[in-house]
Amino acid sequence: MNDRRLGAIVLAAGLGTRMRSDRPKVLHEIAGRPMIHHVMAMVEALGAHATAVVIGADMDAVAAAVAPHRTAVQAERRGTGHAVLAARALIDGAADDVVVLYGDVPLIRADTVRRLIAARSSGAALAVLGFRPADPSGYGRLILAPGGGLDRIVEQADLGPAEQTVALCNAGAVAADARRLFALLEQLRPNNAQGEYYLTDIVALARAAGDSVAVVEAAAEEVQGVNSRLDLSAVEAVAQRRLRHAAMAAGATLTDPDTVYFSADTRLGRDVTVGPNVVFGRGVTVGDRVEIRAFCHLEETRVADDALIGPFARLRPGAEIGVGAHIGNFVEIKNAVIEAGAKANHLSYVGDAHVGAGANIGAGTITCNYDGVYKWHTEIGARAFIGSNTALVAPVTIGADAMVGAGSVITADVPAGALAFNRAPPTEVADGVARFRERRVKFRERARDKQAKSQS
Ligand code: UD1
Ligand code: MG
C-alpha cells in the first residue's frame, strides 16, 4: 500500500435551477437522507485525510448538513473548475492525491472511487470516471485519444456534430495528484458555450502538456446525476433497489420487494418478514423474527424481537414496541412504549403513553392525549385490560391488572386491580319498534301537509 494522503473535494455550490426548488439541490433526499449525506458517507468510507465541501455563500443549511466536514465558499458560481479552486486552501498541502466528486451524484460507491484513484496512480496525470447512460443528453462526453486513454471532455452545449453520438459520458468523479490538479485549474479559461470554468477542461490541458489521462468505467445506475425531479426519482429507485437487496442479503424476507420502501438508516434483524407495501421512514430499528404485515408505515420507531406488526399499522416517531407485542390493523402508536407481550390489535390510537407488559388494549381504544393546548401522558399498568371503545382522557393512570369496561370515558385514575366503567344503563321499551315506526309514519304525513300548504 502507499502512504499518500487522500483529499476529497465535493462540489455542492450549484443552484440546482432545474430542480425548481427553494431548497439547495444536494439537500433533496434519497432514501430519507439528504443527497449530500450519501456522498459524505462514501467519503468517510474512503478514509479521506482532508475533506472540503464547496458551497455557495447562501448555503448555511448545506454547511450544517455536512458538519463536521469542512466547507469552502464559492462566492460566485462560475463553473465546476472554479468551484474546485475554492477548496484549494483546505486541500492543497493537506493531501497528495485528490478525488473531486459532485454532490449531485449520490450513489457512487467507495470501491469505484478506489479503482479511479488506482488508475490515476499508474502513470496518468488524471483519471476520469465514465459511464454509458441510456440517455446521454445533458452529460459531458468523453472523447478517447487515438493511442488510448482520454483526449478531452466536451460538454453537451459545446458538442460538435461528430461528437453527438458519443455514448461514453462523464460521471463527474476525477482523481488527480493534488499539486497537478491545482496547477491545471489555474490554466482554465471560460471560453465555452456557458462562459464557465469547466473542471472537465483540465483533461485537454493535461493532454496538451503531454500527460495521459486514464478512464475508468462505472455502471450507469451507480453514477446517474440528479439535475431534475425526474432524475431524483430515477436515483431514488436505484437506492431502493440496493436497500431491498441489502435487506434480503442480511436475512430478511420481503414478500414483494418492489413495494417495500426503506430509508438509508433502516435496520432489520434476522428472520424479519416484511409483507407488501410497507414503508420504512427514517430511524426505524427492527429486532429479530419480527413480522411486519402488509401496508404498514413506520417512522422513528423501535420494534423488539418477535413482535407482530400490522397489517395496516402506523408507528409514528417515538413508538417503542416490546418483545412479542402485537400491533394490529388500523392502530396508530405515537411517542409510546408498548412493553413486552402487550397487544393493541384493532382500531386504536395510543399516543404519549406507556403500556405495561401483557396489557390488552381493546378495539377502538383512544388515548385522548391532547386538550387543544397541551399534550398529556397516559399510563397503563402491566396486564391491564382496556375494554373496546374506551376513551382514556389524559393525564390518567390505569393501574396494573385493572380492567376498564367497554365504552367508558375514563377521566380519573383507576387503582391497580380495580374494575372501572361508566356507561348509561340501557332503556328497554316493550313493543318499542312498532310504536316507533307508527310515530315516524305520522310525522312524515304532517311534514307533507306542511309542505303542500307552503307551496299553495
Ligand atoms: C457536470 C459535468 C458533466 C458531467 C455531469 C455528471 C462539468 C462542466 N460538467 O454537468 O461533464 O457529465 O456533471 O453528472 O463539470 N457546482 C458548483 N459550482 C458551480 C457549478 C456547479 O459547486 O459553479 C456543483 C453543483 O452543485 C453540482 C456539480 O458541481 O453538484 C455539478 O454541477 P451541475 O451544474 O449539476 O453540472 P452538470 O450539468 O450536471
Ligand atoms: Mg449535475
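Criteria and thresholds
- Residues numbered from 1 in each chain as written.
- Chains lettered and ligands numbered in written order.
- Predicted model: local features only at pLDDT ≥ 70, side-chain atom pairs only at ≥ 80, totals over all residues.
- Heavy atoms only, no water.
- Helix = DSSP H or I, 4+ residues; strand = E, 2+ residues; numbered from the N terminus.
- Buried < 20%, exposed > 50% of the residue type's maximum accessible area, 1.4 Å probe, protein only.
- Donors = N, O, S within 2.8 Å, 3.2 Å for Na, K, Ca; no water.
- Domains from an automatic or database assignment.
- Contact = heavy atoms within 4.5 Å.
- Buried area = accessible area lost by both parts, 1.4 Å probe.
- Salt bridge = Lys/Arg side-chain N within 4 Å of Asp/Glu carboxyl O.
- Polar contact = N/O pair within 3.5 Å; in protein donor to acceptor, adjacent residues only side chain to side chain.
- Nonpolar A, V, L, I, M, F, W, Y, C, P; charged D, E, K, R; others polar.
- 1 Å grid on protein atoms, 1.4 Å probe; cavity = no way out; pocket = protein on both sides within 12 Å on 5 of 7 lines; lining within 4 Å.
- Points joined across faces, edges and corners; volume = space filled by probe spheres on them.
- Phe/Tyr/Trp six-rings, centres within 6.5 Å; stacked < 30°, edge-to-face > 60°.
- Lys NZ or Arg CZ within 6 Å of the ring centre and 35° of its normal.
- Pairing = 2+ DSSP bridges.
- Near = heavy atom within 4 Å.
- Areas by Shrake-Rupley, 256 points an atom, 1.4 Å probe, with all protein chains shown as cover.
- Sits in = over half its atoms within 2 Å of the grid points.

1. A look at the environment of Gly-79
Okay, so step 1: Here Gly-79 is to be found in the loop between strand 5 (70-73) and helix 3 (80-86).
Okay, so step 2: Judged by its relative accessible area of 13%, Gly-79 is buried.
Okay, so step 3: Residues Gly-79 and Gly-14, 65 residues apart in the sequence, show an inter-C-alpha distance of 8.3 Å.

2. Looking at the coordination of the magnesium ion (ligand 2)
Okay, so step 1: Every protein donor of the magnesium ion (ligand 2) is listed here as Asp-104 (OD) and Asn-227 (OD1), and their distances to the metal cover 2.1 to 2.3 Å. Within this pair, whereas Asp-104 is found in the loop between strand 6 (97-102) and helix 5 (110-121), its partner Asn-227 is found in the loop between strand 11 (213-217) and helix 8 (229-249), the two being separated by 123 residues in sequence. Asn-227 carries the same exposure label as Asp-104, and that label is buried.

3. Considerations on the side chain of His-38
Okay, so step 1: Residue placement: His-38 occurs in helix 1 (residues 35-46).
Okay, so step 2: Overall, His-38 belongs to the buried group, its relative accessible area being 12%.

4. A look at the domain arrangement of the protein chain
Okay, so step 1: Per the domain assignment, the segments of the protein chain are domain 1 (6-223) and domain 2 (242-420).
Okay, so step 2: Using only C-alpha atoms to locate each centre, domain 1 and domain 2 end up separated by 46 Å.
Okay, so step 3: Every contact between the two is made by 8 residues of domain 1 and, on the other side, 6 residues of domain 2.
Okay, so step 4: Of the roughly 560 Å² buried between domain 1 and domain 2, counting both surfaces, carbon and sulfur atoms make up 43%.
Okay, so step 5: Considering only the side of domain 1, the residues that lose the most area to domain 2 are Ala-31, Gly-32 and Arg-109, jointly responsible for 55% of the buried surface there.
Okay, so step 6: At the surface where domain 1 touches domain 2, the tally comes to 1 salt bridge.
Okay, so step 7: Joining domain 1 to domain 2, the criterion identifies 4 residue pairs in polar contact (both at pLDDT 80 or more).
Okay, so step 8: Residue classes in the side of domain 1 that touches domain 2 are distributed as 2 nonpolar, 2 polar and 4 charged.

5. Some words on the layout of surface pockets
Okay, so step 1: What the largest pocket holds in volume is close to 1000 Å³.
Okay, so step 2: What lines the largest pocket is a set of 37 residues, and nearest its centre among them are Arg-18, Thr-80, Asp-104, Glu-196 and Asn-227.
Okay, so step 3: When residues of the lining of the largest pocket are traced back to their parent elements, those giving at least two are helix 3 and strand 10 (169-177).
Okay, so step 4: Of all the elements, strand 10 adds the most residues to the lining of the largest pocket, at 3 residues.
Okay, so step 5: Among the residues making up the lining of the largest pocket, the classes are represented as 14 nonpolar, 16 polar and 7 charged.

6. Points about the packing of aromatic side chains
Okay, so step 1: Evaluated as defined, the whole model comprises 5 aromatic pairs.
Okay, so step 2: An angle of 0° between the planes, with centres 4.9 Å apart, marks the rings of Phe-295 and Phe-312 as stacked. A residue pair is termed long-range when its members are at least 10 positions apart, and Phe-295 in the loop between strand 17 (291-292) and strand 18 (297-298) and Phe-312 in the loop between strand 20 (308-309) and strand 21 (313-315) qualify at 17 residues.
Okay, so step 3: Owing to a relative accessible area of 42%, Phe-295 belongs among the partly exposed residues under this scheme.
Okay, so step 4: The partly exposed category is assigned to Phe-312, whose relative accessible area is 36%.
Okay, so step 5: Ring plane angle 75° and centroid distance 6.2 Å describe the contact between Tyr-374 and Trp-376, whose orientation is recorded as edge-to-face.
Okay, so step 6: Looking at Lys-375, its charged tip hangs above the ring of Tyr-370, at a distance of 5.3 Å from the centre.
Okay, so step 7: Cation over ring: Arg-440 sits above Phe-443, and NZ or CZ is 4.9 Å from the ring centre.

7. Section: the sheet that holds strand 30 (residues 385-386)
Okay, so step 1: Pairing is parallel in the open sheet, where 10 strands are placed in the order 12-14-17-20-23-25-27-30-33-35. Edge positions in the open sheet fall to strand 12 (253-254) and strand 35 (419-420), since each of these has one partner strand only.
Okay, so step 2: As paired elements, strand 20 and strand 23 (residues 326-329) share 2 bridges and run parallel to each other. Each bridged residue has a counterpart across the sheet, and for Leu-308 the counterpart in strand 23 is His-326.

8. So, the site of ligand 1
Okay, so step 1: Neighbouring residues of ligand 1: 24 residues in total, closest Gly-14, Gln-74, Tyr-102, Glu-155 and Asn-170.
Okay, so step 2: One of the backbone nitrogen or oxygen atoms of Gly-14 is found 2.7 Å away from an oxygen atom of ligand 1.
Okay, so step 3: Asp-104 places a side-chain nitrogen or oxygen 2.8 Å from an oxygen atom of ligand 1.
Okay, so step 4: In the complex, 91% of the free accessible area of ligand 1, which totals 760 Å², lies under the protein chains.
Okay, so step 5: Assessed atom by atom at 2 Å from the grid points, ligand 1 resides in the largest pocket.
Okay, so step 6: Elements that contribute at least two residues to the shell around ligand 1 include exactly helix 3 and strand 10.
Okay, so step 7: Class assignment for the residues of the shell around ligand 1 results in 9 nonpolar, 9 polar and 6 charged.

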